[in-house]
Amino acid sequence: LEFRRVLFRSVVKVVPATGGTTPYTGFPSSPSGTGDRKFFGASYDEKGALWLTPHGAQYPFVCRVATADGSMTPYNGWPGTMAWVNGALRGGAFDGLYHWMAAYASNWVVAINTDDGSMKGYDITDTSKWPASITYYDSGKGKFASGIHIGGVSYYLIPGRCNSLVHLDTGSGVATPH
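Cut-offs used in this document
Residues numbered from 1 in each chain as written. Predicted model: local features only at pLDDT ≥ 70, side-chain atom pairs only at ≥ 80, totals over all residues. Heavy atoms only, no water. Core = buried A, V, L, I, M, F, W, Y, C linked by side-chain atoms within 4.5 Å. Buried < 20%, exposed > 50% of the residue type's maximum accessible area, 1.4 Å probe, protein only. Helix = DSSP H or I, 4+ residues; strand = E, 2+ residues; numbered from the N terminus. Polar contact = N/O pair within 3.5 Å; in protein donor to acceptor, adjacent residues only side chain to side chain. Pairing = 2+ DSSP bridges. Axes fitted to C-alpha atoms, helices over the stretch in contact; angles between N-to-C directions. Phe/Tyr/Trp six-rings, centres within 6.5 Å; stacked < 30°, edge-to-face > 60°. Lys NZ or Arg CZ within 6 Å of the ring centre and 35° of its normal. Salt bridge = Lys/Arg side-chain N within 4 Å of Asp/Glu carboxyl O.

Peer 1: How do you make sense of the nonpolar core when you look at a structure like this?
Peer 2: Inside soluble globular proteins, nonpolar side chains tend to come together where they are buried. In terms of nonpolar packing, the biggest core is built from 18 residues, with Trp100, Val109, Trp130, Phe144, Tyr155, Leu157 and Val166 touching the most fellow members. Contributions of two or more residues to this core are made by β9 (98-103), β10 (108-113), β13 (154-159) and β14 (166-169). If you look at the next biggest cluster of nonpolar residues, it comprises 12 residues, including Ala49, Val62, Trp78 and Met119.

Peer 1: Teacher, can you tell me more about the environment of threonine 125 here?
Peer 2: Mapping threonine 125 onto the fold places it in the loop between β11 (119-123) and β12 (144-149). A relative accessible area of 47% means that threonine 125 is categorised as partly exposed. Within polar-contact distance, the side chain of threonine 125 engages the side chain of aspartate 123 at 2.6 Å.

Peer 1: What should I look at first to understand the pairing of strand β3 (residues 20-24) in this one?
Peer 2: Side-chain direction in a regular strand flips from residue to residue, so the side chains alternate between the two faces of the sheet. Taken together, the five bridges between strand β2 (residues 10-15) and β3 define a ladder with antiparallel strand orientation. By the bridge assignment, lysine 13 is partnered in β3 with threonine 22. What sits between the antiparallel neighbours β2 and β3 is a turn of four residues, in which glycine 19 has the positive phi angle 80 degrees.

Peer 1: Please explain the sheet that holds β9 as it appears in this structure.
Peer 2: Two orientations exist for strands paired in a sheet by backbone hydrogen bonds: parallel and antiparallel. One open sheet holds the four strands; their spatial order is β8-β9-β10-β11, and the pairing between them is antiparallel. The open sheet has two edge strands with one neighbour each: β8 (89-94) and β11. Averaged over all pairs of adjacent strands, the angle between strand axes in this sheet comes to 20 degrees, irrespective of strand direction.

Peer 1: Got a minute to help me understand the packing of aromatic side chains in this structure?
Peer 2: Here a ring pair, both rings aromatic, is described through the centre-centre distance and the interplanar angle of the planes. Scanning all chains against the criterion turns up eight aromatic pairs. Each ring, one from phenylalanine 39 and one from phenylalanine 61, has its centre 6.4 Å from the other, and the planes form 65 degrees; the classification is edge-to-face. Placement of phenylalanine 39 in strand β4 (residues 39-44) and of phenylalanine 61 in the loop between β5 (49-54) and β6 (62-66) is noted, with a sequence separation of 22 residues between them. For phenylalanine 39, a relative accessible area of 7% corresponds to the buried category. Here phenylalanine 61 falls in the buried class, since its relative accessible area comes to 7%. An angle of 25 degrees between the planes, with centres 5.0 Å apart, marks the rings of tryptophan 78 and tryptophan 84 as stacked. One cation-aromatic arrangement involves arginine 90 over phenylalanine 40; the distance from NZ or CZ to the ring centre is 3.8 Å. Of note, arginine 90 hangs over the ring of tyrosine 104, and the distance from its end group to the ring centre comes to 4.0 Å.

Peer 1: For this particular structure, what's the right way to read the pattern of salt bridges?
Peer 2: Pairs can form between side chains of opposite charge once their charged atoms are near each other. Per the counting criterion, the structure on display carries one salt bridge. A salt bridge links aspartate 115 to lysine 47, with the shortest nitrogen-to-oxygen separation between them at 2.7 Å. Linking aspartate 115 in the loop between β10 and β11 with lysine 47 in the loop between β4 and β5, this pair joins segments that are 68 residues apart in sequence.

Peer 1: Please clarify how the pairing of β13 should be interpreted in this entry.
Peer 2: Relative to β13, β12 is paired through five bridges, and the arrangement is antiparallel. Pairing of histidine 149 across the sheet is with tyrosine 155, part of β13. Turn length for the β12-β13 hairpin, with the two strands adjacent in sequence and antiparallel, is four residues, and the turn residue glycine 151 shows positive phi of about 45 degrees. Where β13 hands over to β14, the hairpin turn is made up of six residues, counted between the paired strands.

Okay, here's the thing in structure tokens:
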């Protein structure tokens with residue numbers, strides 16, 4: 001079973017054994033604008049849902065897609081003082097409970113609880129947890145290209161325009177450059 005986003009108007013379910021496809025188009029709000037990359041990344045929660053990471057300004061919410069019927073649910077209860085910006089987040093990694101999203105144009109790494117939709121996040125400008133040695137070549141877009149979750153409380157942020165690979169302890173929010 002494979003899911004792909006096609007032409008930003010639907011999520012398409014592809015059944016590899018038969019080649020059959022089913023488009024799911026029931027987004028919580030109508031696609032607007034002509035920009036690309038409304039979503040940029042996703043993860044599967046092993047409970048029957050695909051979680052799409054928002055990227056473009058047209059979709060400022062995480063979208064849960066039920067793989068059984070294609071129904072979609074939006075979530076936008078952003079953590080802390082996070083304000084939505086175009087290109088805010090990228091990637092998607094599932095840790096058993098949370099769908100993690102890397103900061104791209106935002107100053108926040110965000111996780112959504114796949115059981116209740118609540119969000120938590122870590123402000124990458126918080127110098128008490130993010131060392132000053134972690135720097136960015138551009139203060140705008142491109143901080144991290146994506147992220148990967150590796151067991152326990154380890155989320156690694158893949159550098160985009162950042163000077164290093166960053167390990168984020170998801171329990172404490174402390175970042176360590178590598």
